[in-house]
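A closer look at the structure
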Amino acid sequence: MTLDQLLILSILAVTVALFIRGPWRHDMVALAALLACVFTGLIPPQKAFSGFGHPAVVTVACALILSRGLQNTGAMDALAQRVVPRSGNTTVAMLLLTSLGAFLSGFMSNVGALALLMPVAAEMAEKQKLAPGKILMPLSFATILGGMTTLIGTPPNLMVAGFRANAGAGSYGMFDFTPVGLVVALVGVAFIGLVGWRLVPARGQAGATSFDTGTYLTEALVGRKSAAAGRTLGEIGRMLGAEDAQVVGIVHNDARISPAAPWHRVLSGDILLIEAEPESLATCLSSLGLKMTGEPDSEREVGDNQPRQGESSPAGNVREKGGGKRKYAYHNEEMQLCELVVMPDSPLVGRAIQFLHLPARYQMHLLALSRRGRRSVRRVHSTPLLAGDALLMLGAEDNLISFAREQSCVPLAQRDISIPNKEKAAIALIAMALAVAGAAFGLIPAAISFATCVLAFMALKVVPLRNIYGALDGSVIVLLGTLIAVAEVMESTGAADLIAEVLLNNLAQGSAVLALALILIITMTLSDFMNNVATAAMMCSIALSTAEQLLVNPDSFLMAVAIGASCAFLTPVGHQNNTLILGPGGFDFGDYWRMGLPLEILVVAVGIPMLLWIWPL
């Protein structure tokens, strides 16, 4: 082993460890790996960022913008409304929903396809009287499977195509992934719709009017007329106990006090941090005359704003609207409560709500925060948000929609589906079809074809110009650009050949079929615990070296990497979709393997014969 091989393997070992268990985000880890290669002399400084000009990076960036355009026009929403039945036979409805999710994710981002259909899944869960997770996990897995069917379906496919181009064999075409990917996806979706969803543990109550987001942590202000003023924490605790709620913190003069002292007397102006279920939150506050700190009318007491069911509201009518969405009228302006979940690519991740200045920017307020499985006694508005957090927001409907779009949040209740502009929806679909055709028939390279489509979206204002760069997921772009350069070091130093040799001699015993299966299984396993783009970047070099040493078709091994990188079904951290449903579905870390493990076994059983048939050794 040479010094350069030792250096790159050491850097990769640390990188993989950080990807799996490290405190940094994936893009930070990838950038650190790139800079480590530069500082150790493995990559010349002038070539450090050459990966950002790679066609795969450009294509991914364009695909993200096009996906946002398809979402904004509402065309896909209308399709979902027409295709997916909310009631009737559960198996039929599940098959149609998962099939639509797989189809959409073949032409837009996996996360985007899931986000579009989550409200549909919410309504379907209510009508079918199922726990939300019973539909969310099948939908998440189906959208992941659908990504493996086309070149732009998922970033790992573009990474694989880039490695083939660098090897001198030319890039893959738009539908070169389809023969194997489509069969695997169809079998996977059939398993999910017929059997798999029954294996998902039922978290939360069936038929709930909203997602099981767990308990909310709410800041409540003690007013002068509040029943809590002058009482001890022990007395307040007994009053809240009837609603299965509790005080988990108290803020007095900006100082946090432990709630463990039941004799502590609460004063007017104190802020109580109350943990309660969404359904009992209003009752808890009304019974004590408390006021949510985010409510817009600082003078009116909570008891006046949020009456019990069946009572009249002096602030205006209170009524229910599909999926448990409640509306209030304040100052003759209709406000509504809406639960939003923070997406993995949201700019809110890592930021505290207090720095967004919600009342000034959006004329809306954060009332409560739910983080499934975790309880924090810190202030709600100063708590850094994580992907999957559920936010209870109060504001006008237009402001809530604007906030959700700009901050990449998904409503947890079914929203009214409409096409804001049918003309733009038609333009978006036609432009996307032309771009796909141009790439599929080899008329122009995929990067050029989709970049032209992006320009058309901008010129025709399918995506507002101010939102173009907001549609880009910077972490994915950085991940791709940096890891392309790192992966090239594996090839140039011979480290990939070294790993392939160990794999062949000690595990595959010189068998090409066994080596192919190992490449697929190892890729699947890694993608369950680390980013799938990073997994593809590392495994492509090893796959090419393995095929070269066996003197067999490298396409078989590259396609095995593509399939394996799109099969993260065992954990909530392997894919952004799985992270997104963790909170709304009420899942625990160990819930995913129950359907994920048999699904991965099925993928291997179907994938290997298909690879050998379509891409013979």
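Residues numbered from 1 in each chain as written. Predicted model: local features only at pLDDT ≥ 70, side-chain atom pairs only at ≥ 80, totals over all residues. Heavy atoms only, no water.

Structurally, serine 541 can be placed in helix α20 (residues 532–550). Reaching out from serine 541, the side chain makes a polar contact with the backbone oxygen of alanine 487 at a distance of 3.3 Å. Among all residues touching serine 541, those that are not within four sequence positions of it are Phe163, Ala487, Met490, Glu491 and Ala496. (Helix = DSSP H or I, 4+ residues; strand = E, 2+ residues; numbered from the N terminus. Polar contact = N/O pair within 3.5 Å; in protein donor to acceptor, adjacent residues only side chain to side chain. Contact = heavy atoms within 4.5 Å.)

For the rest of this paragraph, the subject is the packing of helix α1 (residues 3–21) against helix α18 (residues 495–508). Their axes nearest at 9 Å, the elements α1 and α18 cross at an angle of 75°. The angle between the axes of α1 and α18 places the two elements in the roughly perpendicular class. Contact residues: Gln5, Ile8 and Leu9 in α1; Ala495, Leu498 and Ile499 in α18. Partitioned by chemical class, the residues of the contact of α1 with α18 number 5 nonpolar, 1 polar and no charged. (Axes fitted to C-alpha atoms, helices over the stretch in contact; angles between N-to-C directions. Parallel < 35°, antiparallel > 145°, perpendicular 65-115°, else oblique. Nonpolar A, V, L, I, M, F, W, Y, C, P; charged D, E, K, R; others polar.)

Right, let's get into helix α3 (residues 55–73). Two residues of an α-helix separated by three or four positions point the same way, owing to the 3.6 residues in each turn. A rise of 1.5 Å per residue sets the reference length of α3, with its 19 residues, at 27 Å; its end C-alpha atoms lie 27 Å apart and thus fit the reference within 8%. The buried fraction of α3 is high, at 16 of 19 residues. (Expected span 1.5 Å × (residues − 1). Buried < 20%, exposed > 50% of the residue type's maximum accessible area, 1.4 Å probe, protein only.)

A few words on the environment of valine 187. On the secondary structure map, valine 187 appears in helix α9 (residues 178–199). Its relative accessible area of 30% is what places valine 187 among the partly exposed residues. Sequence separation of valine 187 and leucine 145 is 42 residues, and the distance between their C-alpha atoms is 9.9 Å.

Bringing the environment of alanine 36 into the picture now. Here alanine 36 lies in helix α2 (residues 26–39). Spatially, the C-alpha atom of alanine 36 lies 9.6 Å from that of valine 486, the residues being 450 residues apart in sequence.

Before going further, it helps to examine a nonpolar patch on the surface. On the surface, Leu31, Leu35, Phe39 and Phe49 cluster together into a nonpolar patch covering about 420 Å² of accessible area. Within the fold, phenylalanine 39 resides in helix α2. (Patch = residues over 30% accessible without salt bridge, like charges linked within 9 Å, V, L, I, M, F, W, Y side chains within 5 Å. Areas by Shrake-Rupley, 256 points an atom, 1.4 Å probe, with all protein chains shown as cover. Salt bridge = Lys/Arg side-chain N within 4 Å of Asp/Glu carboxyl O.)

Applying the stated criterion across every chain yields a total of 2 salt bridges. Of the charged contacts in the structure, one is a salt bridge between aspartate 27 and arginine 25, with a shortest N-O distance of 2.6 Å. The residue arginine 164 makes a salt bridge to aspartate 555 at a minimum N-O spacing of 2.7 Å. One end of the pair, arginine 164, is in helix α8 (residues 155–166); the other, aspartate 555, is in helix α21 (residues 554–565), and 391 residues separate them in sequence.

Here we come to the packing of aromatic side chains. Under the counting rule described, the total for this entry stands at 6 aromatic pairs. Centre to centre, the rings of phenylalanine 141 and phenylalanine 569 are 4.8 Å apart; their planes meet at 50°, and the pair counts as tilted. With phenylalanine 141 in helix α7 (residues 133–146) and phenylalanine 569 in the loop between α21 and α22 (576–580), this pair connects stretches of sequence that are 428 residues apart. Residue phenylalanine 569 is classed as buried on the basis of its relative accessible area, which comes to 0%. Following the ring pairs from residue to residue traces out a cluster consisting of Tyr172, Phe177 and Trp615. (Phe/Tyr/Trp six-rings, centres within 6.5 Å; stacked < 30°, edge-to-face > 60°.)

Where α3 contacts helix α15 (residues 422–440), the axes come no closer than 9 Å and their chain directions differ by 150°. One finds that α3 runs roughly antiparallel with respect to α15. Crossing geometry of α3 relative to α15 is assigned as left-handed. Within the contact between the two elements, α3 uses Leu66, Leu70 and Thr73 and α15 uses Lys424, Ala425, Ala428, Leu429 and Met432. Across the contact of α3 with α15, the residue classes tally to 6 nonpolar, 1 polar and 1 charged. (Left-handed = near helix turned anticlockwise from the far one by under 90°.)

Looking now at the state of the cysteines. On inspection of all chains with the given rule, the structure shows 0 disulfides. The cysteine cysteine 62 is free of any disulfide, with cysteine 453 supplying the nearest cysteine sulfur at 8.8 Å. (Disulfide = S-S within 2.5 Å.)

A few words on the pairing of strand β4 (residues 271–276). Along β4, 6 of the 6 residues are buried, which leaves the element largely enclosed by surrounding structure. Covered by surrounding structure in β4 are Ile271, Leu273 and Glu275 together with Leu272, Ile274 and Ala276, the residues of both alternating faces. As judged from the 5 bridges shared by strand β2 (residues 246–252) and β4, these two strands associate in the antiparallel manner. The residue of β4 that forms the bridge with valine 247 is isoleucine 274. (Pairing = 2+ DSSP bridges.)

Time to look at a negative patch on the surface. Taken together, the side chains of Glu488, Glu491, Asp497, Glu501 and Glu548 make up a negatively charged region of the molecular surface. Only α17 (474–493) and α18 provide two or more residues apiece to the negative patch. Along the chain, the position of aspartate 497 falls in helix α18. A relative accessible area of 33% places aspartate 497 in the partly exposed class. (Lys, Arg positive; Asp, Glu negative; His and termini not counted. Charge placed at Lys NZ, Arg CZ, Asp CG, Glu CD.)

Quick look at α18 now. The end-to-end C-alpha distance of α18, which contains 14 residues, comes to 18 Å, matching closely the 20 Å that a straight helix rising 1.5 Å per residue would cover. Ala495, Ala496, Ala500, Leu503, Leu504 and Ala508 are the residues of α18 that are buried. In the core, the buried residues of α18 are packed alongside α1, α17, α19 (512–527) and α20. Within two residues after α18, glutamine 509 carries a phi angle of roughly 55°, on the positive side.

Averaged over every residue, the pLDDT of the protein is 79; the share at 70 or more is 83%. Across residues 205–212, where pLDDT falls below 50, the model places 29 contacts with residues more than four positions away in sequence or in other chains. Taken as a whole, residues 415–419 scores under 50 in pLDDT and shows 12 contacts with residues more than four places along the chain or in a different chain. (pLDDT = per-residue confidence, 0-100.)

Looking now at the side chain of asparagine 578. Within the secondary structure, asparagine 578 is located in helix α22. A polar contact of 2.9 Å, which involves the side chain of asparagine 578, links it to the side chain of serine 140.

Right, let's talk about unusual backbone geometry for a bit. Positive phi is not limited to glycine here, since lysine 129 has a value of about 55°. Structurally, the position occupied by lysine 129 is in the loop between α6 (110–128) and α7. We note that lysine 461 has phi near 60°; this positive angle belongs to a residue other than glycine. Looking at where lysine 461 falls in the secondary structure, it is placed in the loop between α16 (446–459) and α17.

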